[in-house]
Every structure is written in structure tokens, then in C-alpha cells.
Amino acid sequence: MKEFFRTLYGKISLIFFLLLFLLGTAQIIISVQSSMNFVCETDQTLNRYLARNLATKFQPFLKDSLDRAGIDHLIHELMIYNPRIEIYLLDDKGDLLAYFADPYKIQNSHIDTAPIKRFVSNDPDVRFPIMGDDPRSDRQKVFSASAIELPGGNQGYIYVILGSELYDTAINGIGGSYILSTTAFTLVLILVFAGILGSILFFNLTRRLRRMTRAVSDFDKGDYSRRIAVQSDDELGQLSSAFNHMADTVENSIDEMKKNDALRRELIANISHDLRSPLASIQGYLETIQMKEDTMDPGQRRAFLNTILNGVINLNKLVHELFELSKLDALQTKPRPEPFSIAELLQDVVLKFQPQAERKKINLITKIERNLPFVMGDIGMIDRVISNLIDNAIRYTPESGQVKVLLSRRGGQVYLRIEDSGEGIPREDLPHIFDRFYRVEKSRSKNSGGSGLGLAIVKKILDAHGVNIEVQSEPGKGARFTFCLDVWQPQKREKTAKDIS
Ligand code: ADP
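This structure is a prediction, so every number in the text was calculated from the model and none was measured.

Calculation criteria
Residues numbered from 1 in each chain as written. Predicted model: local features only at pLDDT ≥ 70, side-chain atom pairs only at ≥ 80, totals over all residues. Heavy atoms only, no water. Phe/Tyr/Trp six-rings, centres within 6.5 Å; stacked < 30°, edge-to-face > 60°. Helix = DSSP H or I, 4+ residues; strand = E, 2+ residues; numbered from the N terminus. Buried < 20%, exposed > 50% of the residue type's maximum accessible area, 1.4 Å probe, protein only. Pairing = 2+ DSSP bridges. Domains from an automatic or database assignment. Axes fitted to C-alpha atoms, helices over the stretch in contact; angles between N-to-C directions. Core = buried A, V, L, I, M, F, W, Y, C linked by side-chain atoms within 4.5 Å. Contact = heavy atoms within 4.5 Å. Patch = residues over 30% accessible without salt bridge, like charges linked within 9 Å, V, L, I, M, F, W, Y side chains within 5 Å. Areas by Shrake-Rupley, 256 points an atom, 1.4 Å probe, with all protein chains shown as cover. Salt bridge = Lys/Arg side-chain N within 4 Å of Asp/Glu carboxyl O. pLDDT = per-residue confidence, 0-100. Arc of directions from axis to C-beta. Lys, Arg positive; Asp, Glu negative; His and termini not counted. Charge placed at Lys NZ, Arg CZ, Asp CG, Glu CD.

Draft legend 1. Region of interest: the packing of aromatic side chains. For the structure on display, the rule yields twelve aromatic pairs. On the numbers, 5.6 Å between centres and 70° between planes, the contact of Tyr9 with Phe203 is edge-to-face. Remark: Phe203 occurs in helix H6 (residues 165-220) and Tyr9 occurs in helix H2 (residues 8-46); sequence separation between them is 194 residues. The class of Tyr9 is buried, set by a relative accessible area of 16%. On the numbers, 5.2 Å between centres and 45° between planes, the contact of Phe143 with Tyr159 is tilted. Highlighted residues: Phe143 in strand S4 (residues 140-149) and Tyr159 in strand S5 (residues 155-161), separated in sequence by 16 residues. Per residue, the accessibility class of Phe143 equals that of Tyr159, and both read buried. Every member of this aromatic cluster is reached through a ring pair, and the members are Tyr88, Phe119, Phe128, Phe143 and Tyr159.

Draft legend 2. Representation of the pairing of strand S11 (residues 469-473). Inspection of the sheet shows S11 paired to strand S12 (residues 479-486) by five bridges, in the antiparallel sense. Counted as the bridge partner of Ser473 is Ala479 from S12. Between the end of S11 and the start of S12, which pair antiparallel, lie five residues, with Gly476 showing a positive phi angle near 85°.

Draft legend 3. Fine view of the domain arrangement of the chain. Domain assignment breaks the chain into domain 1 (1-47 + 165-226), domain 2 (61-161), domain 3 (249-328) and domain 4 (336-500). The distance between the C-alpha centroids of domain 2 and domain 3 comes to 123 Å.

Draft legend 4. Structural context of the sheet that holds S5. Here five strands make up an open sheet; going across it, the order is S2-S1-S5-S4-S3 and the pairing antiparallel. Lying at the two open borders of the sheet, with one neighbouring strand each, are strand S2 (96-99) and strand S3 (131-133). Strand-to-strand, the axes of this sheet are offset by a mean angle of 40°, without reference to chain direction. Where strand S1 (residues 86-91) and S2 come together, three bridges link them in antiparallel fashion. Paired with Leu90 across the bridge in S2 is Leu96.

Draft legend 5. A look at the nonpolar core. Formed by 51 residues in total, the largest nonpolar core has its most connected members in Ile342, Ile386, Leu389, Ile390, Ile418, Phe481 and Phe483. Taken together, the elements giving at least two residues each to this core come down to helix H8 (298-329), helix H9 (342-359), helix H10 (379-395), strand S9 (402-410), strand S10 (413-420), helix H12 (454-465) and S12. Domain assignment of the residues forming this core places at least three in each of domain 3 (249-328) and domain 4 (336-500). What Ile386 contacts, discounting residues up to four positions off in sequence, is Ile342, Leu345, Leu346, Val349, Leu416, Ile418 and Phe483. Judged by nonpolar contacts, the second largest core, of 21 residues, contains Ile85, Ile158, Val160 and Leu162.

Draft legend 6. Seen up close, a nonpolar patch on the surface. Taken together, the side chains of Met1, Phe4, Phe5, Leu14 and Leu18 make up a nonpolar region of the molecular surface, amounting to roughly 490 Å² of accessible area. Of all the secondary structure elements, the ones that give two or more residues to the nonpolar patch are helix H1 (2-6) and H2. Taking the relative accessible area as the measure of exposure, Phe5 reaches 31% and is therefore partly exposed.

Draft legend 7. Broad picture of the confidence of the model for the chain. For the chain, per-residue confidence averages 86 on the pLDDT scale, and 92% of positions sit at 70 or higher. Every residue in residues 492-501 scores below 50 in pLDDT, and together they form four contacts with partners more than four places removed in sequence or on other chains.

Draft legend 8. Layout of helix H3 (residues 50-58). Among the residues of H3, Ala51, Leu54, Ala55 and Phe58 are the ones counted as buried. Along the axis of H3, the buried positions cluster into a sector of 115°, meaning they face one direction only. Structural note: H3 exposes Asn53 and Thr56 on the side pointing more than 90 degrees away from its buried face. Those residues of H3 that are buried lie in contact with helix H4 (68-81), S1, S4 and S5.

Draft legend 9. Structural context of a positive patch on the surface. Judged by side-chain charge, Arg207, Arg210, Arg211 and Arg214 come together as a positively charged surface patch. Mapped onto the elements, Arg207 comes out in helix H6. Among the residues examined, Arg207 registers a relative accessible area of 37% and is labelled partly exposed.

Draft legend 10. Molecular detail of the sheet that holds strand S7 (residues 363-368). An order of S7-S9-S10-S12-S11 is seen for the five strands of this open sheet, with the pairing classed as mixed. Edge strands, defined here as strands with exactly one partner in the open sheet, are S7 and S11. The mean angle between the axes of side-by-side strands here comes to 15°, regardless of whether they run parallel or antiparallel. Direction of pairing for S7 relative to S9: parallel, over a ladder of six bridges. Counterpart to Ile365 in the pairing with S9 is Lys404. Strands S7, S9, S10 and S12 of the sheet are contacted by H9, whose axis makes an angle of about 175° with S7. Here H10 sits on the sheet and contacts S7, S9, S10, S11 and S12; the angle it forms with S10, its principal contact strand, is near 25°.

Here it is, written out as C-alpha cells:
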């Protein structure tokens, strides 16, 4: 039971029942009070002129002196006919002059005359019931009153308490209990019906909360696919939607984290492999030189040292590319676009690769459209992209082959295409060549000195520029890489020297 009242359902039900009980009790008090008020008001209105009529009957006994015996007799007679009333004769200060009752029953021999004066004033603003002092008790009661002339010419009052002691006992015993029992019965009925209805409604309302709690706890235990069915648009419905949205975000982040973790492991494995093999071969050559220091002829020594140097150069390139890629990943290197001449940049890069092409007797051809406009981009990064693509084209093209670099304008863009007559890329490898460490054929790339990072860097840089790169290739027919850059659109007229002066 204690557990039940700890639940939200228990608490809401308890509060509901308490409120119901309080409202019911207030309802009983108010209805009993207003019915009593109504009875008093009716009684006083009906008996408004009762005291005035009695005054005419009393007046003969007040002519010269107070005829107590006569008055007592009259009061006694009147009260036999109408046991509801109690009649008192008061002087103008409110002191009792005559009454019909056992003296020990009289508790107050002085009556406050203010309510009596209000009653006899006949002021239309005076509202009934007016309550006055009851000589027989400490309670306030409704009355009827009238002014009367006392012997000696003084003014006094006939004061009639309506609903006498006898009547009081009767109304308390019958009327009070009737009203009470009716309202109490109604209250019990309301409590039962509202209680049953409320319990069902609150149970339904809190059932949704319980369902949500179960879903959240399942999610907490690792069931990331758990969602809550949204049944309505109310606060609980909104809470469910918010939870589902949050669960989607958390699930996606966890997937992303898992992917990143797998990628990181793969990367570390690749890096350690790529570093270990050249380092092992460098170590081997160095140990051989050390061991055969005296016997080795200079030609052999030079060949060994050249191999070591190439190994170190490749290692250096690998470390440099890794560093570059990680900076691009961490968005530390962001493109700083500026207008530049792509034609000039391309000519410079081609010139840089000319010796490499000549060594392989490769015909490096450049075709640049005339009067090309400036393009927008980070000049250093675009230099890197073109260099990597030309480097690949030369490396993967056999001797006496051909590498063509073309530059042309189409609409608001300048197209750059690098194509070679090399061995090309197999169709199934095409979707992966931009992945880091991906090599079509490991041994082939290793011989060509590749690290598998060149195209990953190209893709990263072009992504950062919002530019797409396309690759077309058929094995044996060479490869063709194409991308385009936006033509620079001068927004404002450049300030001339004349403008400034
Ligand atoms: P690598 O440093 O090994 O050249 P890249 O990222 O530059 O690494 O290229 C990834 C792979 O794509 C290469 O290993 C190679 O197999 C293939 N590739 C890239 N460019 C060409 C090309 N022009 N012709 C043929 N294969 C290419």
C-alpha cells in the first residue's frame, strides 16, 4: 500500500480523493447554512407584523402600571396557541420587564436593542434575516419586534423570538438531520462515482507514463532501437516525440562512433604496416653496410645507400600526407578561396612534373583554352589536387605512354581533366579509390611508391571546396579524372586610383 502511494498514480488518486472530500464537506456546510438562512429569512418575513399585532393586545395591561399578572396570563395563552414563539417585554434599554419562562432558563436579562431598532425602522434597505439576542441562550435568533408605550409614557418593545426552544429542538432533530443525511448521501454517491471514474482515467493517463518509463529503461540497457508510439499531440505525446528524436540522435551517434572506431583501428593497422616494412628494410640495409663495412665495394655501398634514401623519402612523404589528411579531417586546414588564374597554376604544375615524365619517356601534353577567366579557390590546395592527379597519371602510365591535361570553360565553370594512357582502374575498384589507404593492387602501388593517401587528400580538398570529382576508366584504356571550379564573378567594381583620389 505504501508502495502504491509512492507511484504517480497513487499520488494523483490520493490528491483527487482528498479534493473530492474537501469539496463535498464544503458543499454540505454551505447547503446546510444556506437552507437555515432561508428558513430564518422566510420565518422573519412571514412574522414581520406579528409583534405589532401583539402590541395592541398588550397595550391595555400597560396603562397606568405594569400589570404583571395580566401580561403573564396573556403571554401564557399566546404561547399555548403558538408554541414556536417566545414573547418578551423590554424597556427602551433592552432590559427584560416580563416573560413567560422558568427564571432559571433566562440567561440574559439584557437584550441588545440595535437589531430591534433596525427591525422596527421599516427601512426598505434592511435585509432579512436580522438576528437578535436570545434571552435563553448565547445564540442569535430571528425575531419579530414592535415598539410599545410603557406606563409613565416611556417607550419599550415587544420582542418575539421566532422558533422557540421547543421549535429549536424539533428543527435540529428533524430538519437538520434531513438536510445532513440527504447531502451526505449525495456526497457518498459523488465520491463513489467520481472515484471510480477518476481511478480509471488516471490509470489510463499514467499507463502511458509507465510505457515511456519502460522504453527509456530498455534504451538505457542498450536496446537503442527502442521507440515510444506517439498516440496524441498532448504533453505526453510531445515528450514521446522528443524522446524518439533524442533516441534517433543517440543511435546515429553510436553508429557513427562505431564506424569511426573501426576506421581508426584500420588506420592504425595500415599506418603501422606502412611504417614497419620500409623501416625494416632500411634497418636491414644499414646492418648489412655495418657488417660488411670493410669488404663492400663502393658501387654496392652507393646502391644500398640509394635504396635507403628512397625508403626515407617515401616514409617522409607518407608521414607528410598523413599529417595533411589529419589536418583536413580536423578542419584545421580550411580553404581560403581567392580569385586566381588556373591556366598559370596548371602550367607551373606541369613544368614541375616535366622531369619525372621525361624520365619515363612519357609525353606530357597540356591543352589550355585561350583567355580563360580567373576561378575561385584556395590556390595552394588546388595546386595539391592537380599535383596528386598528374603524379598518379605519370606513375600509373607505362613508359612511352601519354598524359594529357585539358582546361576549358563551360558556362560559369572551368573544367580540368587529366587523362592518361595507362593501365586504368578496374570497375569494381572505382568506388573505393578515394578511400584512404586503398590501393588497387598492393604490390603495384608499392612499386610505384604510392601510399594510398593521394586521392583521399584530393577528395577531402575538393569536398571542402564543395566541388565534385569524377573518374572514368576502363582497364587497359587509361584513367580520366575531371573536376570543375567556379569562374570568379567580381561583385563590385574594383576601386581605381582615380576613385581613390
Ligand atoms: P597511391 O599513393 O597508392 O597512388 P592514391 O590514393 O593516389 O594512392 O591512389 C589510390 C589507388 O588508385 C592507387 O593505388 C592506384 O591503384 C589507383 N589509381 C590512382 N590513379 C590512377 C591512375 N591514373 N591510373 C590507374 N590507377 C590509378
